[in-house]
Amino acid sequence: MTDVIASDPLRKADISAKRLKRRYAAEARFRAYGLLAILAAIAVLGLLLSSVVMQGYSAFTQTEIALEIHFDPEVIDPEGSRDPDTLAQADYRLLVKRALYELFPGVTKRRDKRRLTGLVSSGAGFTLQNMVMDEPELIGRTQEVWVKSSDDVDSFVKGFIDRDLPPEDRRIKDDEIAWIDALAARGDVATRFNGSFFTTGDSREPEQAGILGAVVGSVLTLVITLLLSFPLGVLAAVYLEEFAPKNRWTDLIEVNINNLAAVPSIIFGLLGLAVFLNFMGLPRSAPLVGGMVLALMTLPTVIIAARAAFASVPPSIREAALGIGASKLQTVTHHVLPLALPGVLTGTIIGMARALGETAPLLLIGMVAFVVDIPGSFSDPATVLPVQIYIWVDSPERAFVAKTGAAIMVLLAFLIAMNALAVVLRKRFERRW
Amino acid sequence: MIKKTLVAAVAAALTLSAAQAFAQNRSQIRIVGSSTVFPFSTAVAEQFGRATKFKTPVVESTGSGGGMKLFCAGVGVEHPDITNASRRIKASEFEKCTKGGITITEVKIGFDGIVLANSKSSPPLELTKKQIYQALAKEVPLGGKMVPNPYKKWSDIDPSLPNARIEVLGPPPTSGTRDAFVELAMEGGARTFDSLKALRKADKKAFKAAAHAIREDGAYVEAGENDNLIVQKLEANPNAIGIFGFSFLDQNADKIQGAAIGGVEPSFENIAAGDYGISRSMYFYVKKEHVGVIPGIAEFVAEFTSEKASGEEGYLTDKGLIPLPAAERKTVRSGATKLAPLTM
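Note that the coordinates shown come from a computational prediction; the quantities given were computed from them, not determined experimentally.

Draft legend 1. Quick peek at the overall build of chain A. From N to C terminus, chain A includes 18 helices and four strands. By the compact-globule yardstick of 22 Å for 433 residues, chain A is too spread out, its C-alpha radius of gyration being 32 Å. C-alpha atoms of chain A, sized along the principal axes, occupy 110 × 70 × 35 Å. A buried classification covers 44% of the 433 residues belonging to chain A. Partitioning the intrachain contacts of chain A with sequence separation of at least 6 by distance along the chain shows that 76% fall at a separation of at least 24.

Draft legend 2. Spatial organisation of empty space enclosed by the protein. Residues and elements named next belong to chain B. Counted by the stated rule, this structure contains three cavities of 30 Å³ or more. The computed volume of the largest cavity comes to approximately 70 Å³. Around the largest cavity, the lining residues are Val107, Lys108, Ile109, Phe284, Phe304, Thr305, Ser310, Leu324, Arg329, Val332 and Arg333. For the lining of the largest cavity, the secondary structure elements donating two or more residues are β4 (104–119), α13 (297–305) and α16 (326–338). By residue class, the composition of the lining of the largest cavity is six nonpolar, two polar and three charged.

Draft legend 3. Structural context of the sheet that holds strand β1 (residues 61–70) of chain A. Residues and elements named next belong to chain A. Overall, antiparallel pairing links the three strands, which are arranged β2-β1-β3 in an open sheet. The open sheet has two free edges, formed respectively by β2 (142–148) and β3 (189–193), since each of these has just one partner strand. Between one strand axis and the next, the sheet turns through 40° on average, direction left out of account. Across seven bridges, β1 lies against β2 in antiparallel orientation.

Draft legend 4. Local environment of the environment of A:Val275. Residue and element names in this part refer to chain A. Within the secondary structure, Val275 sits in helix α12 (residues 265–279). With a relative accessible area of 31%, Val275 lands in the partly exposed category. For Val275 and Val293, which are 18 residues apart along the polypeptide, the C-alpha to C-alpha distance reads 9.9 Å.

Draft legend 5. How the structure looks around the domain arrangement of chain A. Residues and elements named next belong to chain A. Taken domain by domain, chain A holds domain 1 (2–57), domain 2 (60–198) and domain 3 (212–429). Each of domain 1 and domain 3 was reduced to a C-alpha centroid, and the two centroids are 40 Å apart. Taken residue by residue, the interface counts six residues in domain 1 and seven residues in domain 3. Here domain 1 meets domain 3 over a buried area of about 480 Å², counting both sides, of which 78% is carbon and sulfur. Counting the contacts that link domain 1 with domain 3 gives zero salt bridges. The interface formed by domain 1 and domain 3 includes zero residue pairs in polar contact (both at pLDDT 80 or more). The class makeup of the residues in the side of domain 1 that touches domain 3 is four nonpolar, two polar and no charged.

Draft legend 6. Helix α5 (residues 129–136) of chain B, seen in detail. Extensive coverage of α5(B) is indicated by the burial of six of its eight residues. Residues of α5(B) that are buried include every one of B:Gln131, B:Ile132, B:Tyr133, B:Gln134, B:Ala135 and B:Leu136, and no others.

Draft legend 7. Here's a closer look at the pairing of strand β13 (residues 279–287) of chain B. All names here are of chain B. Within β13, nine of the nine residues are buried, which leaves the element mostly enclosed by the surrounding structure. Residues Ser279, Ser281, Tyr283, Tyr285 and Lys287 line one face of β13 and the alternating positions Arg280, Met282, Phe284 and Val286 line the opposite face, and both faces are buried. Pairing analysis gives four bridges linking strand β3 (residues 82–85) to β13, with the strands arranged antiparallel. By the bridge assignment for β13, Ala85 is matched with Tyr283. Of the pairings in the sheet, the one linking β4 to β13 comprises nine bridges and is antiparallel in character.

Thresholds applied
- Residues numbered from 1 in each chain as written.
- Chains lettered and ligands numbered in written order.
- Predicted model: local features only at pLDDT ≥ 70, side-chain atom pairs only at ≥ 80, totals over all residues.
- Heavy atoms only, no water.
- Helix = DSSP H or I, 4+ residues; strand = E, 2+ residues; numbered from the N terminus.
- Rg over C-alpha atoms; globule rule 2.2 N^0.38 Å.
- Buried < 20%, exposed > 50% of the residue type's maximum accessible area, 1.4 Å probe, protein only.
- Contact = heavy atoms within 4.5 Å.
- 1 Å grid on protein atoms, 1.4 Å probe; cavity = no way out; pocket = protein on both sides within 12 Å on 5 of 7 lines; lining within 4 Å.
- Points joined across faces, edges and corners; volume = space filled by probe spheres on them.
- Nonpolar A, V, L, I, M, F, W, Y, C, P; charged D, E, K, R; others polar.
- Pairing = 2+ DSSP bridges.
- Axes fitted to C-alpha atoms, helices over the stretch in contact; angles between N-to-C directions.
- Domains from an automatic or database assignment.
- Buried area = accessible area lost by both parts, 1.4 Å probe.
- Salt bridge = Lys/Arg side-chain N within 4 Å of Asp/Glu carboxyl O.
- Polar contact = N/O pair within 3.5 Å; in protein donor to acceptor, adjacent residues only side chain to side chain.

So this is what it looks like as C-alpha cells:
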C-alpha cells in the first residue's frame, strides 16, 4: 500500500482535488436550486398579490355626484308633523330625480328620464333619508349634497369603460356620457375615498356594498371558535401529555386526533348540520353555530400544537418541581403550562387563521347567504369574509370584480394581523435554555 | 372539589339551554333555493328591507333541488319560508311538501335565457340545436347507429361552421343551468334525428340517457359554477365557447357576443317574446303556513310581483331579469296576493 502511494503521489493529490471541486460544485448547485425555489415562490406570491391589488384598489374609491337638493316639505312631511315614521316613509328618490331634471331640462321622454336618474345610485334616496332623520331642520332648505353614482358611471369615470367603443358594446351610452361630461364640466363629479365600504353590510348594488357585515360575522364566529377550541384543546393536550397513562387506549386516541386534523373541512359542516341544527335545533346561518363547527375543525390542530409545546418543555423542569415537593397539578400549572404557552398560542392562532379562511363547512349550516343587516349578536344571521368574497365573485355586475379584490385585501390584512400577533406573543413569552 | 365540579356542570347546562333559547324566535324571512334566481331574490330582499319596517330577508343560494329539500322539510321557524327555483316544482317534491303539511303558493317571476357566447375577437356564431347536440353529445347517430362522438372540429359537423376545435366551457352537472341547457338545447337537438325520435316514442328513459349525456373527451370543459370565470376564459381563448345565463352576456357585452340559435339572437326582446330557443322560467314558492307567523311574507311577495320590481321597467330588469308578458304578470300578481294554493 505504502509503496503505491509513494510511487505515485501526484495522482492521488490530483484525484482528491478534483473530487473536492466536484463536491464544491454540487454544493453550489444545491444552493442555487434552493435560491431558485425561493425566488419562484416570491415571484408567484408577488404575482398573486399584485393581481389582487390591481383588481381591487379601485373599490376603495367611489365616484360621487353633487346635486342641488331641495328638501321639499310637500314631499317629505306635507302635514308638518315631523313624525319619524312619516319622515322614514317619504319618497326621497323623488327629490333626487327633481334635482337631476332641473339640471337637464332638455330631457323629457320617459325612457330618457329613467336613464338620467339611473346615473345616480338607487341608494341616493336613503342617503337623503338618513340626513333628514338626523337633522329634521333640513326640511324646506336647499343644499348641495354629494350622492354616489351608479356602478356603471363609476366604472366609466374611473376609465374602465372605453368611450371609443361602439355604443352597443358599452353599458354607458352616448347621451349618458354627454350628461356625465356636462356634470364634470361644472365640477360636480368627483372620485373620493369610499368610506361606506367599511361601514355598511352587503348590497346587490356594487356601489353600496360594504364589508362590515362580513367582518363582524367573522369576528363573532372566531370568538366562539376561540372560546371553545382553546380551553378544550389545552385541557385535552395537558391530560394526554402530562397525566394520561401510556397504553393502547391513549395511543388510539392520539392516532384519531392526528387523523381528525387531516379530515376535509366540509365533513365538519355535515356534522354541524346533523348535530347542531337538526338535533339541537340551533338557528341556521348563526355565528354561534359557525363558531361551533369551526371549533370542531380547529380542535385537533390546537391539541397537536399544544402537545408538541408541552413535550418540548425539558423534563428536568418537571423533575425539579416534583423534587422540591410540588404536586403534579402544581408542576403543570406553575411551570409546564407557562413555559409551553408561546407554542400553544402560536398553534391556536394558526388554527384560528385557518378557520378565518373557511367556507366549505359554513355552506351546509347556511352561512353562505345574502345578509344585509350587520349581525348584532351570536344568533343573528351572518356571513363571514371568505363567503362574502365568494358571493361577490359570483355576481354578474362587473363592478363587483373590484369589490372582490378589495375584500380579499381586507381578509389578507386580517390574516397578517393574526400572524403578527402570534409572532409577538411568541417573542414575548419565549424562554430559551 | 365537589362544589367546583358542580359549578362547571351547571355552567355547561346553562350554555346548552341558552343555545336552545336562541332557536325559539325568528323575525326575518328566510329564503333558500336556486343560484340563478339568487341575484333577483336578493335585490328584492334588499329593497324590501330598506323600504319597509321589516328586517331584510336572508337569502341562501342552495340550488333549486337543495332549496326544495329544505323547504319541504316541514312547518316551523327552523324551516325556510320561501324557496327559489329555476325550474318548476317536481311532482315528487310537491308530494313531499304536502305530506309535511305544507300549502304552497307558486309565483312565476320571469324568464332567463341560456346563451352560448364567444369572444368578440372572433366572428359571431350561428348555431342550430342540432349542431349543438352533435358537438356536445357523448354518442351521436351516424350511419344508422349510435357511435362515440367523432366530431373534433366545428367544420366536421357543418362546413359552414368555423374550422376550429370544439371547445365549450359550461356548467357542471350540479347546476340548474346545466339541467336546463341539457333539456332545452340537447334534447331539442336530439329530436331532430329520426332514429332518436323513434327511440323517444319507444323508450323515454333510453332517449333521455342518449340526449342528456354530454361528451367527456375534453371538448366540453366543466368550468364550475362561476360564470365570471367563464367570461374571462373566453376573452383569453377566442376559439372557446361558453354556456351561461343571459345576465352575464348583458353585463359583458363589450367582451363577448352571444351565438344566434336557429337564427334568433339572444337579445332581451327575443327572450321576452319567447322566440329564443333556450330559455326557461323562474319561480319562487311560498309556504302559506308561515304567512302571518313570520312577519312580512305577504308584503315581500307583493314587492316581488310589483310592477316596480318585475315589470318591464322594474329594477329587476336592470339585473337581467326578462319579465313575463303583461297579461301573465297580472294573473301571477293576483294569484300571489291571494296566496292561491298550488295543486298538481
